[in-house]
Every structure is written in C-alpha cells, then in structure tokens.
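Close look at the chain arrangement
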Amino acid sequence: MTTLQPSYEPGSFESDLYVKWESQGLFRPQGNGEAYTVLLPPPNVTGTLHMGHAFQHTLMDTLVRYHRMRGYRTLWQMGTDHAGIATEMVVSRNLAIAGQGETRESLGRDSFIDKVWEWKGQSGDTIERQMRRLGASGDWSRSVFTMDPMASDAVIEAFVRLHEKGLIYRGQRLVNWDPVLKTAISDLEVVSEEEDGSLWSIRYDVVDPQAGEPDHVIVATTRPETLLGDTAVMVHPEDERYTGLIGKRVRVPLIGREVPVIADDYVDREFGTGVVKVTPAHDFNDNAVGQRHNLPVINILTDTAHIIDTLDEVPTAYRGLDRFAARKLMVEDLESAGALIETKPHKLQVPRGDRSGQVIEPYLTDQWFVKMDELGRRGLEIVEKGDVRFVPSNWVSTYRHWLENIQDWTISRQLWWGHRIPAWYDEQGRVFVGRNEAEVRQANRLSDSVALRQEADVLETWFSSAMFPFSTQGWPNAELMSERGFDSNLPTSVLVTGFDIIFFWVARMIMMTDELVGQVPFKDVYITGLVRDKDGKKMSKSKGNVLDPLDIIDGISADALVAKRTSGLLKPTDAPKIEKATRKEFPQGIAPHGADALRLTMASLAGPGRDVKFDMGRAEGYKNFCNKLWNATRFVLMNTEGMTVDLSVPHVPETDAERWILSELSRTSTEVAEHFAAYRFDLLAQSVYDFAWTTFCDWFLELTKPALADAQSSAAVSTRKTLLIVLDALLRLLHPLIPFVTEQLWQAVAPRLGLQGSLMTQSYPQATDVSAYAGATADVEWLRAVVSSLRRVRSELNVSPGKQVNLLIGSPSASDTARLAKFDAAIRFLNKIESIRVLAAGTDAPPAAAAVVGDMSLLVPLEGLVDLDAERARLDKELKRISVEITKCESKLASDTFVANAPAAVVEQERQRLVDWRAQFEGLSATRAKL
C-alpha cells in the first residue's frame with residue numbers, strides 16, 4: 001500500500017491489521033535475543049473487558065511491543081482463570097433460563113461439570129476476543145486456561161509437595177462463608193459497605209451477685225441472634241466500672257447458659273456500655289479472644305445460615321429459622337422478658353459476597369489450609385533484599401504490612417468447578433494425599449477392597465493462580481518445560497497489576513514460586529491505580545457510570561448506552577436517574593474513537609501509582625492526534641512521490657531544519673528510553689506526543705516548505721529524504737502506544753525506504769551522535785523564536801493570515817545578523833513578510849507592534865494595520881505578563897533553599913531565564929514609550 005484514504009477512519013483497518021499480525025505469527029517469541037517475558041494476570045473466563053483491563057493491558061502491550069522492537073525474544077504469556085464461583089453462577093443461571101428443569105443438584109457433579117465445559121467452549125473466550133480488539137499482541141498459541149491439563153497437573157503437584165512438607169493441613173477454623181453459594185470465599189470476594197442497622201443493648205444477669213455488687217451487665221450487639229453461641233462476656237481490664245465482675249459468671253438471656261466475665265485489651269471502652277459478648281464460632285475477633293482465653297466454641301448456624309436444630313439449649317421456636325427471622329423473634333422475646341434495654345439506629349459495615357450479594361457469615365468449618373508463617377517470612381525477605389522490585393516503591397510498605405500480619409491461607413472451596421483436592425478418605429475418616437487414587441493406594445498399601453472417596457472440595461482459584469508463573473511454562477514436566485522455554489521465561493520480567501491484589505496474588509506468587517521452584521516469579525512489579533470516572537468516582541454498575549472500552553473504540557448510540565447502563569441493576573428504581581445522567585453526558589452516544597486513541601489516553605494517565613480519572617475529552621483529543629499524524633503522513637507522501645531512499649547509504653542532511661529535526665529525534669529517543677525504564681507511561685506518552693505534534697507536524701513540516709518550493713534543488717532532494725527517514729522513525733517511536741494507525745501509515749511509507757514486512761518487527765529508534773548538529777539546532781531554535789514571536793504579534797493584531805506585512809529589526813547582534821541572512825527566505829515565507837529592514841543605530845522606529853528575541857527587537861509597523869490604542873493595551877498586557885515571570889524568577893533565586901538544594905544546572909537555567917525576561921521587558925518598555 002503506497003496511498004492513503006483521505007481521512008482517518010480507524011474502524012476501516014484496525015481489525016484487519018490485527019488478523020494479519022496474528023496469522024503471520026508475529027506475536028510469538030522471535031530470534032535469539034535476551035528474553036523478555038510478561039505474564040498476563042489471567043482474567044476470569046466469565047468476564048468481559050472493562051476499563052481496568054483496558055488500562056493494564058495497554059501498559060503491558062506497550063512494554064511488549066517496545067521490547068519486541070528492541071530485539072528481545074519477547075513473550076507475553078496469555079491465559080484465563082476458571083473463576084470457580086463466578087462460573088458456577090453463570091452456568092446455573094443459564095440452566096434456569098433454559099427452562100428444562102435442570103439444576104446443579106439435579107445434574108450431579110460430573111454432568112454439571114460437563115455443562116460448564118460446554119459453556120466454556122461456546123462463550124468462554126469472550127474476553128480474549130475483546131483483548132484482540134484493543135491490540136493485545138500476546139502469544140495466543142500458548143494461552144493457558146487454569147483448568148487445562150498442563151496447568152492442572154502443576155496445581156496437583158504443588159498441593160502434594162506442599163502437603164508432604166507439612167505446609168498444607170486440614171483443620172477447623174473460621175472462614176468467610178457465603179450461605180447462598182454454600183462455600184468459603186476469600187477476603188477479596190467480600191465487599192463491606194456502610195448500611196443502616198441497629199444496636200441492641202441486652203441485659204445479662206450476674207450469677208449469684210454479692211451484696212453491693214451489680215446484679216447485671218448491659219451488652220451492646222449488632223447481631224443479637226448470635227447470643228445463642230456466646231461463651232463469655234468481656235470487659236477492658238482497666239475499666240473501673242467492671243473490675244469487680246472479672247471472674248464472675250453471667251447468664252445468657254433466653255437460653256440460661258452461664259458464661260464467665262473475662263478481661264481483654266481488645267475491648268473498646270467507648271463502644272456501647274463497654275461490655276461485649278464473645279461468640280468465638282461467629283466472629284473473627286471473638287475467635288481470637290476465645291483462643292487466648294481457652295473458651296468453648298459453639299456453632300449455631302447451618303451452612304445456609306439457619307439456626308441449627310441439634311443444640312439442646314436453643315429453644316425449639318428458633319430452630320431451623322433463617323438467621324434474620326431468628327433475630328426478629330429473639331428481639332421480641334428479649335423485650336417480653338425484660339432483657340432488651342434499648343434499641344437504637346446504628347451505622348455498621350456489612351460484609352456481602354460480591355457474587356451473591358448476601359451477608360457473609362464468619363463460619364466454623366473444616367477446610368484445607370496452607371501454613372503461612374515461614375512462607376511469609378521468605379516472601380518478605382525476597383522483597384526486602386530487592387530480588388523483586390516494586391514500582392512505585394511505596395507499595396513495599398503495603399506488602400510488608402500484610403506479610404507481617406499473615407494468617408494461614410484457606411485454600412478449599414465447597415464447589416464442583418475447579419481443581420478437586422487430591423485427597424481421599426477411608427471409612428474411618430483417615431485422609432490420604434496423592435497425585436491420584438492409584439498412587440494413594442500404592443503408597444499406603446491399600447488394597448482395592450478398601451473403599452476410598454475423594455475430597456469433594458476444590459481448590460480456590462487464587463491457589464492455581466499462584467502457580468501461574470511456572471504452571472504456564474510446563475512445570476513439573478521436564479519435557480514440557482524444555483519445549484516451552486521454562487529456563488528463559490522464568491523469572492518473568494515484569495508483572496503489571498493492581499494494588500488490590502498485592503496480597504491475594506502477588507505475594508502468593510512470590511511465596512509459591514520460591515518454595516516450589518526456587519526462583520522469584522518476576523523481577524519487577526508495576527502497580528497501577530484504579531480507573532475512575534471523570535469526577536474521580538469508582539466506576540460501578542450500580543452508579544451507572546461504567547464505560548465499556550469497546551464502546552469507546554467502536555462507538556455506541558445514546559439509546560444503546562442507556563439500555564446497557566440501566567439493565568441488571570441491583571436497584572431498578574435508580575434507572576431513571578442513571579438514564580438522565582447518561583443522556584446529559586452523552587446526548588449523541590459515544591462516537592467511535594478507535595483503539596489507538598483509547599490506548600494513548602490510558603498511557604497518558606498512567607502516573608506512578610495514581611488512580612486514573614478517565615475523561616472522554618482526552619480520548620477525543622488523542623483521536624485528533626491520530627488524525628493529525630494521518631494528515632502529516634499524507635503531506636510527506638505527496639511531497640516524496642516517486643522517491644526511493646537507499647538506507648544503506650548514510651544520509652547527510654543539507655539544511656539546518658533537517659539537522660535540527662534529526663537532533664530532536666535523537667533527544668526524544670533518549671527521553672523515551674528513560675521513561676520506559678522507569679515505567680513512566682505518562683511521561684512517555686507526553687514525550688512522543690510533543691515530538692509528533694509540535695516538533696514534527698507544527699514545525700518541521702513548515703520549515704521544509706521553503707526548501708521544497710524549489711523542487712529540483714539539492715536542498716529539496718535532501719529534505720524529502722529526511723522527511724521519509726524521520727517519519728519512519730516517528731512511526732516506530734509511536735508504535736508500542738498506538739500500533740494500528742502507525743502500522744497502517746508505515747505500510748504506505750515503507751516502500752519508499754525499501755522496507756517491507758510489519759512495523760512491529762522493525763528496530764526501535766535509538767539515540768545517535770548528533771553533536772555535529774549543535775550549531776544548526778541553536779540556529780533553528782532562534783528561527784522558531786522569531787517565527788513564534790511574529791505569529792503572536794499578527795494574532796494579537798488580528799492581521800489576516802494572507803496579508804503581507806513589513807518587518808523592522810532593532811539592535812541585532814552579530815549572530816542575529818548572520819541568522820537573519822541565513823533564514824531570510826524562511827522568515828518571509830513562514831510569516832508573510834513583504835520586506836525586512838534593519839534599523840540603523842540611533843534611528844527612531846515608527847509606531848510598531850513589538851516583540852523581543854534575546855536583545856533583538858522585532859517591529860511590525862502599525863500604520864494601516866491596527867488601532868494604536870489597541871496596540872498600547874496589548875503591550876501593557878504583555879509587559880504585565882513578563883513582570884509576573886520576572887517576579888517568579890527573582891523569588892526563586894532569592895530563596896536560599898532553592899539555590900542550595902536545586903541542581904546547579906537548574907539554578908543556572910533560572911538565572912538565564914531572568915536575564916531573558918528582563919531583556920524582553922526592557923525592549924517592550926522602550927516600544928511602549930514610543931507609542
């Protein structure tokens with residue numbers, strides 16, 4: 001392709017380009033360079049692309065494309081997570097929608113899992129298709145699903161080895177329990193939000209009170225139903241109100257159980273009455289207290305959060321009731337018995353399951369655990385030694401805090417979809433762990449006549465995800481490890497992820513990879529912030545402020561956007577409010593912006609560890625940037641028609657403008673390399689944006705026009721070569737950030753440089769020695785200052801673009817005079833100057849609009865151009881602006897702190913700025929005086 005369509009329309013080529021890239025195998029590791037590996041945090045197989053994905057995937061893909069162009073043997077290891085709870089919910093919902101009467105329970109374990117695999121085959125790769133639309137250049141041929149045989153073998157092997165080392169055990173402990181899903185869930189799957197509740201004050205009578213002592217205490221609780229499991233009441237040891245009661249016993253109302261009064265520093269004397277009930281089986285903090293004081297642990301709930309019917313002390317009326325129904329009845333009974341002292345409104349944090357939306361219960365149950373004390377110590381040591389580096393480094397403190405307060409890890413889940421725990425029980429309840437039943441029988445000399453049943457629970461998905469750095473590389477199968485490049489792909493180079501899973505995933509990968517493989521999983525961890533809406537609010541479906549990345553890329557109508565935002569709401573009554581806000585913000589819907597504009601927006605917002613306020617205005621601006629790049633390329637192609645550049649022959653630029661742009665290209669290449677090394681995607685985006693928009697499009701293309709005007713001159717030939725060479729380099733600079741438009745444009749430019757293939761496989765621009773161009777660079781910067789000053793004057797005078805004006809030069813230095821001669825044609829051409837005349841020393845200038853460059857005055861005679869009163873006002877305004885800048889410089893230089901602590905070069909730069917501002921002020925003041 002050597003021609004371009006007239007306008008930039010990303011939808012016309014982006015998808016086609018991606019298909020070509022993937023079909024040509026360009027995403028696979030190439031060559032024999034140093035390995036560079038990035039592990040994709042595996043998204044849920046149930047999921048769809050959201051803004052957080054688009055943000056992180058853009059950053060990962062930018063790194064991958066950059067290192068691929070740098071010659072690294074680059075692998076972006078793709079994969080998806082089986083998402084146990086979420087997937088079971090989706091398939092169960094699909095069964096209900098189908099209306100065939102089938103349920104998870106009616107199908108049974110094996111048939112239900114068959115249904116899950118069937119669903120996964122039909123729609124489980126949705127997010128991978130969406131990632132392709134964003135431009136993710138991962139090696140899809142190596143993509144690993146956590147339930148694939150290779151990954152599953154690694155998970156089972158890890159479990160067995162950890163169990164053999166005594167690091168995995170089965171025990172009874174409190175867990176977060178979802179009574180709807182009937183499974184333990186992780187802290188990350190619990191969402192706590194403030195809700196309206198009540199605080200009940202309940203009377204507990206003292207057993208056999210002595211004369212003069214209190215005969216009761218008042219206990220404040222937000223969960224009165226749990227008093228059925230009370231095994232103590234507790235006060236602070238230094239609370240003088242209750243010191244005499246410590247060691248006494250009180251009677252739990254409604255059930256009559258006698259429990260001790262204990263003292264513990266955990267009690268907040270300011271909460272309620274300063275007396276709290278202790279229910280070790282139904283509260284994490286109470287459980288810790290119970291362990292310290294050797295209290296009995298009494299469970300009162302079933303796995304569906306109903307009151308159990310096996311505890312004799314529990315009145316018959318409460319048995320089998322849902323926890324909240326039991327609460328209501330118990331509160332009524334407490335009031336009737338005179339034991340309810342007070343009920344008052346209370347704000348409380350209610351934990352809910354992020355999948356089911358139900359209130360989560362701390363629940364005592366048998367689970368499988370990983371011992372974390374020694375693993376946590378090693379995980380902390382690895383990061384403290386610097387074997388794994390966090391960027392930004394402040395996240396190390398978060399990592400450290402979690403590992404210093406680590407608890408044993410609950411890894412079992414009461415689900416069917418997942419890696420079934422490789423443990424078998426005999427009829428006596430003895431447990432045997434092995435890779436399969438045959439191994440268990442052989443290792444423990446169990447004949448076939450001994451009945452064994454496999455553990456019904458599966459491993460939580462965070463367990464399999466913790467193995468992902470090495471399970472994706474074939475571990476522990478030596479043949480697969482060799483085939484997949486285990487030795488070169490581990491440790492991976494960088495992990496890009498969010499701060500919210502530093503403990504749940506990052507820390508566990510570090511600990512598991514160290515323990516099982518003896519390596520670190522990655523060298524760097526780049527921690528991103530969250531993507532929020534333009535007002536800084538968290539995006540959520542309930543708020544109706546969610547943006548779909550694909551809607552930004554491909555566009556969506558206002559009606560479709562409203563329908564998407566108002567469907568499936570937890571509170572359908574919010575729909576009108578959400579519709580109104582959506583139609584106000586997007587009255588015409590969202591226009592298609594293309595993937596490149598979205599990617600550049602994401603990168604530009606990626607400051608170090610900061611949350612991202614996504615603004616559609618930025619995306620629109622970057623779409624305009626892509627359009628400007630498109631038009632600039634059309635300009636170059638139009639002016640180099642029929643030309644072919646032999647890149648094997650060193651190009652010697654002929655004009656100062658060429659030498660200047662090549663110098664700027666080298667400087668930008670240096671900046672870009674520094675920003676990539678520091679993971680400063682925001683500075684990277686700004687650097688290439690400035691070079692493309694301002695340096696190349698706004699200035700260099702303009703500066704080439706005088707040379708190109710004489711098409712047959714050697715300067716024109718040289719300029720055309722430089723145009724092609726620099727445009728090629730610019731497209732390569734931009735490619736990691738905006739791959740689609742740069743590839744499309746490069747395919748038009750490449751034939752004129754004798755290049756072929758894909759831009760993706762070209763080398764990334766590196767800084768070159770341009771010291772020989774220093775003089776030309778200084779000259780062109782002088783020319784830019786002159787042209788900019790004159791353009792500002794014309795603009796402020798409202799002189800029409802096509803009108804010719806005269807220019808008078810006052811007080812030029814010797815270098816100014818030489819540059820005026822050198823750039824005479826350029827100044828005339830770029831500023832529509834009819835004549836240029838240097839004022840003789842001592843000659844008074846006519847009334848003129850003035851600008852100052854260094855010590856030289858630029859004077860545009862006003863006669864016939866402008867109202868003199870208006871020019872006086874303009875000069876006054878400009879003098880005021882310059883006066884403010886002078887004051888700023890003087891304040892900085894007057895600060896001992898600034899002069900002492902700032903780098904010497906910065907201080908010197910500030911002094912030079914002051915000199916320049918004062919020179920401008922003096923020059924303009926003289927002009928103003930003349931008016």
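Reading guide: rules and limits
Residues numbered from 1 in each chain as written. Predicted model: local features only at pLDDT ≥ 70, side-chain atom pairs only at ≥ 80, totals over all residues. Heavy atoms only, no water. Phe/Tyr/Trp six-rings, centres within 6.5 Å; stacked < 30°, edge-to-face > 60°. Helix = DSSP H or I, 4+ residues; strand = E, 2+ residues; numbered from the N terminus. Buried < 20%, exposed > 50% of the residue type's maximum accessible area, 1.4 Å probe, protein only. Lys NZ or Arg CZ within 6 Å of the ring centre and 35° of its normal. Salt bridge = Lys/Arg side-chain N within 4 Å of Asp/Glu carboxyl O. Core = buried A, V, L, I, M, F, W, Y, C linked by side-chain atoms within 4.5 Å. Pairing = 2+ DSSP bridges. Axes fitted to C-alpha atoms, helices over the stretch in contact; angles between N-to-C directions. Contact = heavy atoms within 4.5 Å.

1. Remarks on the packing of aromatic side chains
Going through the model one piece at a time under the given rule, you end up with 32 aromatic pairs. Between Y169 and F369, the aromatic rings sit 5.5 Å apart at their centres with planes inclined by 25°, giving stacked as the arrangement. Of this pair, Y169 sits in strand β4 (residues 168-178) while F369 is found in strand β13 (residues 361-370), placing the two residues 200 residues apart along the sequence. A residue is classified by how much of its surface remains accessible, and Y169, at 22% relative accessible area, is partly exposed. Given a relative accessible area of 0%, F369 falls into the buried group. Pairwise contacts between aromatic rings join Y18, W21, F27 and F740 into one cluster. Seen from the ring of W693, K628 lies directly overhead, with NZ or CZ sitting 4.5 Å from the centre.

2. A short note on the pattern of salt bridges
Inspection of the entire model under this criterion finds 66 salt bridges. In this structure, the salt-bridge partner of E910 is K892, at a minimum N-O distance of 3.9 Å. Here E910 is found in helix α32 (residues 904-930), whereas its partner K892 is found in helix α30 (residues 868-894), with 18 residues between them in sequence. Accessibility expressed as a relative area gives 7% for E910, which makes it buried. By sharing partners, the salt bridges in this structure join E374, R377, R378, E381 and D514 into a single network.

3. Things to note about the nonpolar core
Counting 135 residues, the largest nonpolar core has F614, F696 and I827 as the members making the most contacts within it. At 13 residues, the largest contribution of residues to this core is made by helix α24 (residues 681-708). Residues F390, I411, V433 and M509 belong to the second largest nonpolar core, which totals 61 residues.

4. Considering the sheet that holds strand β25 (residues 805-810)
Taken together, the four strands give an open sheet; going across it, the order is β26-β25-β28-β27, and neighbouring strands pair in mixed fashion. Of all strands in the sheet, those bounded by a partner on one side alone are β26 (833-838) and β27 (848-853). The mean inter-strand angle of the sheet, taken between neighbouring strand axes irrespective of direction, is 25°. Where β25 lies against β26, five bridges are found, and the strand directions are parallel. In the strand pairing of β26, I809 is matched with V838. Contacting β25 and β26, helix α29 (residues 824-831) crosses the sheet at an angle of about 135° to β26.

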